[in-house]
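Given next are the chains, with one letter for each unit.
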Amino acid sequence: MQASRVNIVVGSHVWVEDPEVAWIDGEVIEINGAEAKIQTTNGKTVVANLSNIYPKDTEAPAAGVDDMTKLAYLHEPGVLHNLYARFSLNEIYTYTGNICIAVNPFRRLPHLYDIHMMEQYKGAAFGELSPHLFAVADDCYRAMINEGLSQSILVSGESGAGKTETTKMLMRYLAFMGGRSGTEGRTVEQQVLESNPVLEAFGNSKTVKNNNSSRFGKFVELQFDKNGKISGAAVRTYLLERSRVCQISDPERNYHCFYMLCAAPPEEVARYKLGDPRTFHYLNQSNCFEVSTINDAREYLETRNAMDVVGISPEEQEAIFRVVAAILHLGNVEFIKGKEADSSQPKDEKSRFHIQTAAELLMCDAQGLLDSLCKRVIVTRDGNIIKTLDPSAATLNRDALAKTIYSRLFDWLVDKINVSIGQDPNSAYLIGVLDIYGFECFKVNSFEQMCINLTNEKLQNHFNQHVFKMEQEEYIREEINWSSVEFVDNQDVLDLIEKKPSGIIALLDEACMFPKSTHETFAQKMYQTYKNHKRFSKPKLARTEFTINHYAGDVTYQADLFLEKNKDFVVAEHQALLNASKCSFVAGLFPPLPEESSKSSKFSSIGTRFKQQLQSLMETLNSTEPHYIRCLKPNSVLKPGIFENFNVLQQLRCGGVLETIRISCAGYPTKRTFDEFLDRFGMLAPEVLEGYDEKTACDNICEKMGLKGYQIGKTKVFLRAGQMAELDARRIEVLGQAAKLIQRQVRTHLAQKEFIALRKAAIHLQALWRGKLSRKLYEHMRREYAAVQIQKRVRRYQSRTAYVKLRLSAILIQTGFRAMAARNEFRFRQQTKAAIIIQAKWRAHRALESYKRMKRAAIDLQCAWRSRIARKELKKLKMAARETGALKEAKDKLEKRVEELTWRLDLEKHMRTDLEESKAQEIAKLQSTIEKMQAQVEEANSMLVKEREAAKIAIQEAPPVIKEVAVVDTAKVEKLTNENEELKALVESLEKKADEAERKFSEVQRESEERFILIEDQKSKIDQLQDSLQSLKENLSNMESENQVLRQQALNISTAQDFSEEIKVLEEKVANLESENQALRQKQTIVLTMPEDLPGQTKASIIEKIPENAPLINGEPISVEYNVQNIAFVASAVKRPVENELTRQRSINNKQQENHDALIKSVSQDVGFSRGRPVAACIIYKSLLQWRSFEADKTSVFDRIIHMISCTIEKQNSKDVLAYWLSNTSTLLFLLQSTLKANVAAGIASQRGRLSSVSLFGRMAQGFRSSQSGMGISSGNGGIISRLDVLRQVEAKYPALLFKQQLTAYVEKIYGMIRDNLKKEISPLLSLCIQAPRTARARLIRGSSRSLQANASVKQALSSHWQSIFKSLSDVLQTLRLNHVPPVLVRSIFTQVYAFINVQLFNSLLLRRECCSFSNGEYVKAGLTELERWCREATEEYAGSAWNELRHIRQAVGFLVIQKKTHNSLEDIINDICPVLSLQQIYRISTMFWDDKYGTHSVSPDVLAKLKVMMTEDSNNMQSNSFLLDDDSSIPFSVDDISKSVQDIALSDVEPPPLLRQNSAFHFLLPRPE
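What counts, and at which threshold
- Residues numbered from 1 in each chain as written.
- Predicted model: local features only at pLDDT ≥ 70, side-chain atom pairs only at ≥ 80, totals over all residues.
- Heavy atoms only, no water.
- Patch = residues over 30% accessible without salt bridge, like charges linked within 9 Å, V, L, I, M, F, W, Y side chains within 5 Å.
- Areas by Shrake-Rupley, 256 points an atom, 1.4 Å probe, with all protein chains shown as cover.
- Salt bridge = Lys/Arg side-chain N within 4 Å of Asp/Glu carboxyl O.
- Helix = DSSP H or I, 4+ residues; strand = E, 2+ residues; numbered from the N terminus.
- Phe/Tyr/Trp six-rings, centres within 6.5 Å; stacked < 30°, edge-to-face > 60°.
- Buried < 20%, exposed > 50% of the residue type's maximum accessible area, 1.4 Å probe, protein only.
- Lys NZ or Arg CZ within 6 Å of the ring centre and 35° of its normal.
- Pairing = 2+ DSSP bridges.
- Axes fitted to C-alpha atoms, helices over the stretch in contact; angles between N-to-C directions.
- Contact = heavy atoms within 4.5 Å.

Here we take up a nonpolar patch on the surface. A contiguous nonpolar patch, built from M683, V734 and L735 and spanning about 200 Å² of accessible area, is present on the exposed surface. With respect to the helices and strands, the residue V734 is situated in helix α26 (residues 723-882).

Under the criterion given, the structure shown has 35 aromatic pairs. With 4.6 Å between their ring centres and 35° between their planes, Y95 and F126 make a pair best called tilted. Pair noted here: Y95 is in strand β6 (residues 93-96) and F126 is in the loop between α2 (115-121) and α3 (133-147), with a separation of 31 residues, a long-range link. Its relative accessible area of 3% is what places Y95 among the buried residues. Residue F126 is classed as partly exposed on the basis of its relative accessible area, which comes to 28%. With centroids separated by 5.9 Å and ring planes inclined at 80°, the aromatic side chains of F1169 and Y1220 adopt a geometry described as edge-to-face. Taken as a pair, F1169 in strand β27 (residues 1169-1170) and Y1220 in helix α34 (residues 1215-1235) lie far apart in primary sequence, 51 residues in all. When its relative accessible area of 26% is taken as the criterion, F1169 is described as partly exposed. Given the relative accessible area of 4%, Y1220 is considered buried. Across the ring face of W15, the terminal group of K56 is positioned such that the distance to the ring centre comes to 5.4 Å.

Think of a sheet as strands paired side by side through backbone hydrogen bonds, with each pair either parallel or antiparallel. Read from one edge to the other, the open sheet built from seven strands follows the order β6-β7-β21-β8-β17-β11-β12, with strand pairing classed as mixed. Pairing within the sheet leaves two strands with one partner each, and these edge strands are β6 and β12 (230-238). The average angle at which neighbouring strand axes cross in this sheet is 20°, direction not considered. Here strand β8 (residues 151-156) pairs with strand β21 (residues 625-632) via six bridges, running parallel. Bridge pairing in β21 links S152 to P626. Across the face of the sheet, helix α1 (residues 76-87) comes into contact with β6, β7 (99-103) and β21 while running at roughly 155° to β6.

Below is the structure:
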């Protein structure tokens, strides 16, 4: 699909070849004739011919497209870039039509293959979800089921591309769909995979490109029955590379099993007489003996374990490895010329040793083995002629034997594996998975590469036909003319290689049959035969090389070893020798041949055998419907994150993907739906968008653009190669003209805006200058006025300063004298007061210190002891709380501990009271002491006052003196001063001690209060534990009783099952007894049954009349022969009480049956509700309670009620009926939960009683005694309950407990039916809501003002899906509220339904790229807003936390509608925008996002890179890497939740229905008057 001058213009974005990255994009900057100058994205400028460049789609999404048929330009660089873009985002699967391309990521991606992903792709249409191999497998399985045809999946690719892993995942999915497990708990897929180590050991080897390359084709058949279930499986192998056994090239290796055996444990190596691989000819032709990634010793042990798993016995394993060792020894046998002409013999003793060893390992005659290698027997009419072989012929004979033995050994292993897996010869269909080697092209290509490439040519031919068929089917489906579409296949290459008699293989076989032929003569023969063949060429100066032009490119082969590798003689001597082996295994590998085949040696070539197997494979594939998966290896270093363009391009050529593109380009490579075509090219003819339908509009656009040869289908536009580029070129022109118009308008606007700005600036400048002049004049006037003011204020300031200074001096002198006198007076008073205070403090401190010391010691001792006891008790309480098994013992201990703690708490209170009293006494003493001290202080003060007064009087009376002289007693003053200092120091120390004591006292007091609070908490916790213990006791008692009863029931069932044989024996005994009874009747024999409750004398009198030799029944002498008189006597003694009891029992049973019928008939109808209470539940409960059915050992009323409920909900599966019975069953369950109390002993005793065998008399009497209580009807009115509105505890028996269990199950069943029905109802609407229809959305985006009405109708159509969901939710809510269903059940229903909506919308968003768009995010967000509004209208009582269940889809949609995602950092996205979503989910949404409204981009590449790194780091720590959510269908409530939700129900005023109101037996249901 090359470009032309018309399509490429200056400014076009194109792809051009690059020697480093294969293809690079750039922009055309100049065109000169047929050449264009291109500026590439890496900064280079290149010149290329216009015919060698390809247009680039600039509007292609950055993340690529999931189906490459959607590419605007389907060419080599476009395909390569699309694969690279998706690979960089971990999108490893891409479609090309219905072909899946898988790129090996070289890392584990478990989230792509878990069970959640399988469930998403189950039943999904192909192409609806993101590309995945599960989609291919599902499409294959659906086609098999719907069309009734066998299918096949062809997995191809070169070594290391992931074919084996892909095959494994395909089988996992098919096993998931088939749904049948294999034997011993292993699935069929597991059994097939367990055989892989064995097949890899004997069929894989190291090649140039892969260390573990399969050298055979594997076709795994999964066989299915008519119902689509797996019925068996088989492994078919094709095209084993037999020549590798004898010839290998450097640096390759032979098959792994040879190296494994050489690395086996020493004892096994010695047993087989092996050693270093370098010593064996079949292994030392290459210098590669070890592979870094393969441990041969470990692989040997794993292969032996795999053989054990497959079912190969140790003896067979021993024989297998003996055969492998024998092949190695055969390869070391060398020949030289013998004594006779054209004869041969072993070269030396070493060769003889290897012959002897090989014979021992094969358990055949050594001389016979040597003769079969050196001689040939020719059968003629006259007899057998023995012909000796020269050394070269003997060597070929040796290699032929080795290849034959190995080939048959491999076939035996495959047959053994198939027997282990288990085949179904009668299977209806099969799905085959083909895993075969890919196209090979090395530096040295030999016979093996030609055979492999022939296989790939065959498969490519099959692939081309399938692709062309798919193209034709699409053309027919779209009803376009496709008769002119042709394509060139590769049939001429197949004829060149395999056609008879002129094909290369035929020429090779012919050359092998002539002894004198050499590789030179074979090459010359080919040169002459194919000199004019366009697919065959001879390299220059080549003598034995030739080149074949394959579909994937030219491959040059070296014919030097073609003859040796092709020869494969079936020698009769080999057959006879090994068939006669003493080893049954070896003899089984060579069964006897038909008589005509065993008479002579027959030539057989590997090429012919290869061609036959290939033909068989193609016949198998042609009988099935093919599906294709192409595996690609992104790099040759086998590391993740590396994409090598040249390597991938070569694989695309070898895998036929580019050939598929060539076929597509021969027809209509570009296919666009009408909507997409109009979106892209509608601007070329805007007038056709209005008033025409989409098909006509597309046709008009193409005609207007002058396109020729295009086709308009039913839903798509089909364009020829190059027409898309032509339309894009015209589109670029239109966009360029529009851009020029926009630029002109913008420039005009900018110039006008600049002129207006300049004019405004000039006016503004003038205004500023005038203002500046005015401000300057004003400033001068202001300064002059300011100078006058400053002078005036300075003069005033100087005068005032002088005055203030003089005044302050006078005041300062006066203040000094007054202050001196005041200080002297103050100092005297301060000293006097200090002395008094010191004395008071010292006395107070001495008393307080004594009190605090005593108090602190007591409190410390008490606190330490109490804390120690409290810690012990707390530890014991914690231990007791954890031991739920010892609740009963813990209860007694807790009660004792509670009493003890209560006693201690009282004691603590008393002690605290005593402490407070002693504290009060101490305080009183201290107060009295302080009062005394205060009295003394007052007395001292009064004396001081008196002394002062006396001193004043003395001073007044003294004669006046001129100068006052202070008379001071110096010694006394010093003494007092010293005492004051000492007292001060003592006071300071006492104050410190007092402060410390006060601090310690406050700490102790605080600790005491904390401990008191802790004790109060412990007391409350003890009370709570007592309550919890009591409730646990009750629940445990109920659970133990119910479990005991259920276990007893299971035991009864199992016992009944185990006694089936005994029942048969008893039935035979009963038949015998009946025959004996018949005989006894003829003898007038009577058998009487004596009730156990007969008086002892009566029974004794009857037994006395029984003869000693009477027959016994059940060990009692109750059968006796009487004459007519004796019969009358005995019957009269027994008949009357028995008949009376039977009559009474019959009447009770009839009455009971009538009551049961009336009850069932009444409640089976909708009897409605009474003040929010379901009438049916209340009536059933009151009736069962009245009849004492809960206390009955045997009754049928429970089974009848359950049967009635079951039949009703199955016949009428509507939401009204289900809601009605959910309300009734939940209410009845609440009543039973509040009433029933299990009686374990009675239940067990009753069960044992029913199991014990009693006599005929005993069973009848027991039936009479239990008739009243057992059948549930009380005699008379003695059993009527006086107050039914008060729920009382009833000792329940086994039937009542079983009824409660059944009722619980039906509550859960009805709940699940309502929930699942609602899910089924909204599920198809959700699939419509997650993505607005693309056509409608496109019309909304490109709609004009002339189609406002049409846009309004489109919006209304889009919102109709959400409205349908709201209507369904509202209908269910209204129904549940009308039927008074408990709110806890309603909340659970809508919470789980909202969780289902969250799962469905979120998973669809992650699996459909078209849903991750901006406009679709707005659409879904609007719907979620309506869901939130519905929750608010439903109120929290019924909606609960349903809105919170939508957190995943809410955050995902919130991320979609952010307009500037590139500005958000990774921390903002993880912590603020999407805190609930996982890294995988955020990464997937970020990579799949596309803005169809504003054209913005997703998050920045740096954020994506960080996300990728974090995902890699967290992948090892996560239990599941799945990014999909799982729907939870469990039951989210318990019986206790219902009991807490339902309020107490008053039963006294419930009105019974008319049918029961008129029945006298149900008068107890009538409301009693006040």
